Every structure is written in structure tokens, then in C-alpha cells.
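Structure at a glance
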Amino acid sequence: MTQTTTTLPTRRDEAWRYADVDAVGKLGIEALDQWKEITLGAGETYHHAMVVGSDAPELHRIRLILGQGARAELFVANAGRDYTRVEVHVTLGKGAHFEFGGITIGGGDAVREFVTTTVHAEPEATSNQTVRSVHWGKGSGNFLGEIKVVKDAQKTDAAQDFKALLLEAGASANAVPQLEIYADDVKCAHGATVGQLDEAARYYMAARGLSPELAQRLLVQAFIGDAFVAMDDEAARETLLHAALGALEEASL
Amino acid sequence: MLKIENLHANVADKPILKGLSLKVSAGEIHAIMGPNGAGKSTLANVLGGKPGYEITDGSVYFKGEDLFALEPHERAATGLFLGFQYPVEIPGVSNVQFLREALNAQRKFRGEEPFSGGEFLKLAKEKAALLKMDMEMLKRQVNVGFSGGEKKRAEMVQMGILDPAFAVLDETDSGLDIDALRVVGDGINAIMRAGDKGALLITHYQRLLDVVKPDRVSVLADGRIVETGGPELALRLEDEGYDAVMAEASA
């Protein structure tokens, strides 16, 4: 895209409704024009795993355009200690597949979020998105996932799954699935749940000798693992899980 | 080894245990029987430190230590094992991972060296074989998709691996068919019958006690131990029922 952004988003914009817009201001308006563009030709594949988040606001914007039968897999551990947003815009050609797995994890008062727009522009494309959020303190995690299925994109199969685990009162999570479907023969599934650690499991684990910290770590590890089950690259998966669990170590619960 | 004195405990402000006293010596397997609602599971939960149980009076000493001064995981590391009536499912965590972490957490608490992966697997294989459980089951998620009987068998494998000094087994016999009951009972004998160990078997039925022969039997009714005797007491309960035996005890 060549157009230049001239105004900062506000929380009245649907895709920014849970964002920390002050943090965006700190990044500067130019940051909004920085898109990483990836175009895949017919049958091509793209795999990417990344750890995002630091002590400063971060905005990562990725635009993927997938040709016929192409496949893109993107996995992200979002462990920012300040506002950290990963935005993905995907356009799927015929029979293409988009796989997304993301984790937001952290405390403090930071907002971490994934905002995806998945456009099923041609028939028979599939997409699968899994996000897990674990927060404490006043931390929050969001997943805003928009799926657009154009009129001719029959046999589209799109799925979104979001689960959040809030370790303390005060933490929050928001899921905003948004479906815009103009084809009639499509499958679109989305689910969202927000819960707390299973007390029965914690007691059971304590009865076997695990301290509350260890039990929590094991339970969180099991919970976030879902986001990366589709990853073939063991080493990359370990890196992402390690980054996420490292953030948990900083929690003094 | 376990000394409970005048224990009073409430659940949601309702008194359940009302002055329970009981002593179990090293080398002793002690069965507790009693009607529904007598407080049997409450006793197990209070000993384990389950949240939601309020101790209003009395004391429990385990191996000379004030049990209530220890957190639940510290009680486990001190050698207290609680066999659950309803073992909990933990999706996403394998038995192997769970038990290795648990064993090493206990060893660390006691100032012992952790077990390596290899050492742990060798131990796990040995204990699984003792309970006739396929090692593949241990690679699966904790209790997820296990039948009632498999869960109880898995509890005993856990007990074998953790090798506690004292076991409180809350209706470990429920949900077991005759063959599984025999395997679990033999497991309890193999793991817990030793001069320096002890066990409290909470049960409704004589059938587990046919396999794990108790040294002492106590009847728990309305939050108190109303009678203690030898193994013959369990047989009498089976024949005559709780009401008759308790009527006699209070007469």
C-alpha cells in the first residue's frame, strides 16, 4: 500500500477498541505504515515463528497474500511488558491455507493483542487460528479476529479459537470474532472462553508435592501449548514456549 | 506416626468432624469405615489440606510434626500421600511429566538430589508393572480419558513412585471390578506394608479389606470415632450393619 496514514487511531475504531492508543502515539504515526509484506505464489509455503514484546511499545504489522494452494504458518509469543500489538492481514487464494497460533502472556498493566483479518477471496481456502492468553495483575490480552468470505469463496473453512486464563482478579481478556460472509457454502467456527486456574487440579498437584508456583507453571504450560500444536519445528516451538513461560517467572503470585 | 486429637472441622460453617481422635502407629494399616455423611472424606480432605475446610479445634501430628503448620505440598513432601476418591484430570500434562516434577519437588524439599529422566523412567516402569499398568498409559495426560478403575490404578502407581511414609486412601476401592480390586489391594500391600510405614484406608466395604488385611478398624460416625477394634470389627459391620454395631457401642 502506498497511502500514508495521517491520523492516529482511536478506540472508536473497531480494530483498536481495546488498544492502548497512547502507546501508539509514542510509537509515532509512521509506525502505522510499516507493513511487512509477504506474497506467496501458487503452492509456496511460508513458516515464521516470532517472539515479540519488550519494555517499550511494539507494533508489528504483517500482510500476507497467498496464491493458489499456498500455505502460510505464523506463530507468535507476545510477552510484552508494554503495549504490544501484532496485526496480520491475510488474503487467501484458491485452496490456500493460513495457520495462526498466538500467545499473549503477562502482568503489569500492559495490553497485548492480536488483530487478524483473514480474507477468503477465492473458493476452498482454509484458515485456522488459535490464541491463548494468560494474564495477571492488571494485564490484558485481546484477540480481534475478522473473517471475510467473499461471494464466490465457496467451500471456505475458517476456524478461530480463543481461550484466556486469568490468574488474578484485575486481569482481563477480550475476544472479538467478526464474521462477514457473502458465500453460502462455508464453514466458519469460532469459540471463546475465559477462565481461571482449575482449583481442583491445583490441590491435586499440591497433594503430590508440587508447590503452588510449580503447579501453576505446569498448568499454564499445558494451557498455552494448544497455540503451537500445529508447529512442526520442535526447536522453534520450544523457543516460543520458553519465552512465554519466562514471562510467567516474573509473576509473583 | 499419625496422631489426631479432638479434631473439629467445618465445611461452609457446618460442623462435620466433631472431636475425632485416632492414632495410627508405624507398621499399622488402619481401616476407617462408616456410613455416608459420617465425615470420612472430610477427614481425608482435612489431612490433605484441601481449601474450604476450616479446622476449629484439635490437632494432628504426623511423624511428630504439626500437620496444620505445613502447606499441602509440604505435607506430601513430608511423606503423606492422599489417594483421591475422584482423581482429578489434568489436560495437557502427561503422567510422566507430572510425576517426575512431583517426585523431584518432594526430593528437593527433603534436600535430596533430583532423579534424572532415565532414573525416573526406570522407577516408573517398575511401579507401573507392579500395578499391571501399561507404560503407554503413563505417557498419556493425567487421568484424561481414564476409566474409573484406571484412575484408581493410576493413583496407586503414583503412590508407588512417590513412596510415601503414610497413605490416606479415600475409597480407593470404589469403581473397581473384582480383578482390579485384587491388583490395587496387592499394590497397597506391596507399597505400604512395612515396619516404618502406615496407612489409613477409608472404605465402605469389606472386600478391599479381604485383600489388604487391616491391623485395626475404626468406625467413624457423626464426626467421631465411635469404636475401634481388630479386623473382626469390619466383618461384624459387614454382617450386622452400622446401625446395630453403633447401637451396641453407644449402649
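Predicted model only: the values in this text are computed from it and were never measured.

As for the sheet that holds strand 10 (residues 157–166) of chain A
Residues and elements named next belong to chain A. Spatially, 6 strands are ordered 2-4-6-8-10-12 in an open sheet, and the strand pairing comes out parallel. Pairing within the sheet leaves two strands with one partner each, and these edge strands are strand 2 (45–52) and strand 12 (187–195). Neighbour to neighbour, the strand axes of the sheet diverge by 5 degrees on average, direction disregarded. Pairing of strand 2 with strand 4 (residues 71–78) involves 8 bridges; the strand directions are parallel. Residue pairing for strand 4: tyrosine 46 is matched across the bridge by alanine 72. Relative to strand 8 (residues 126–135), helix 3 (residues 212–225) is tilted by about 160 degrees, and along the sheet it contacts strand 6 (97–106), strand 8 and strand 10. Sitting on the sheet, helix 4 (residues 234–249) is in contact with strand 2, strand 4 and strand 6, with an inclination near 20 degrees to strand 2.

Describing the pairing of strand 2 (residues 14–24) of chain B
Looking along a regular strand, one sees side chains alternate from face to face of the sheet. Residue and element names in this part refer to chain B. Pairing analysis gives 8 bridges linking strand 1 (residues 2–11) to strand 2, with the strands arranged antiparallel. From the neighbouring strand, lysine 3 faces strand 2, where its bridge partner is lysine 23. Linkage of strand 1 to strand 2, two consecutive antiparallel strands, is achieved through a turn of 2 residues, within which alanine 12 is found at a positive phi near 50 degrees.

Notes on the interface of chain B and chain A
Each partner contributes residues to the interface: chain B has 31 residues there, and chain A has 18 residues. Of the roughly 1,800 Å² buried where chain B meets chain A, counting both sides, 70% is carbon and sulfur surface. Contact with chain A buries area across many residues of chain B, yet His73, Phe84 and Phe98 of chain B alone supply 27% of it, more than any other trio. Where chain B meets chain A, there are 1 salt bridge.

Rules used throughout
Residues numbered from 1 in each chain as written. Chains lettered and ligands numbered in written order. Predicted model: local features only at pLDDT ≥ 70, side-chain atom pairs only at ≥ 80, totals over all residues. Heavy atoms only, no water. Pairing = 2+ DSSP bridges. Helix = DSSP H or I, 4+ residues; strand = E, 2+ residues; numbered from the N terminus. Axes fitted to C-alpha atoms, helices over the stretch in contact; angles between N-to-C directions. Contact = heavy atoms within 4.5 Å. Buried area = accessible area lost by both parts, 1.4 Å probe. Salt bridge = Lys/Arg side-chain N within 4 Å of Asp/Glu carboxyl O.

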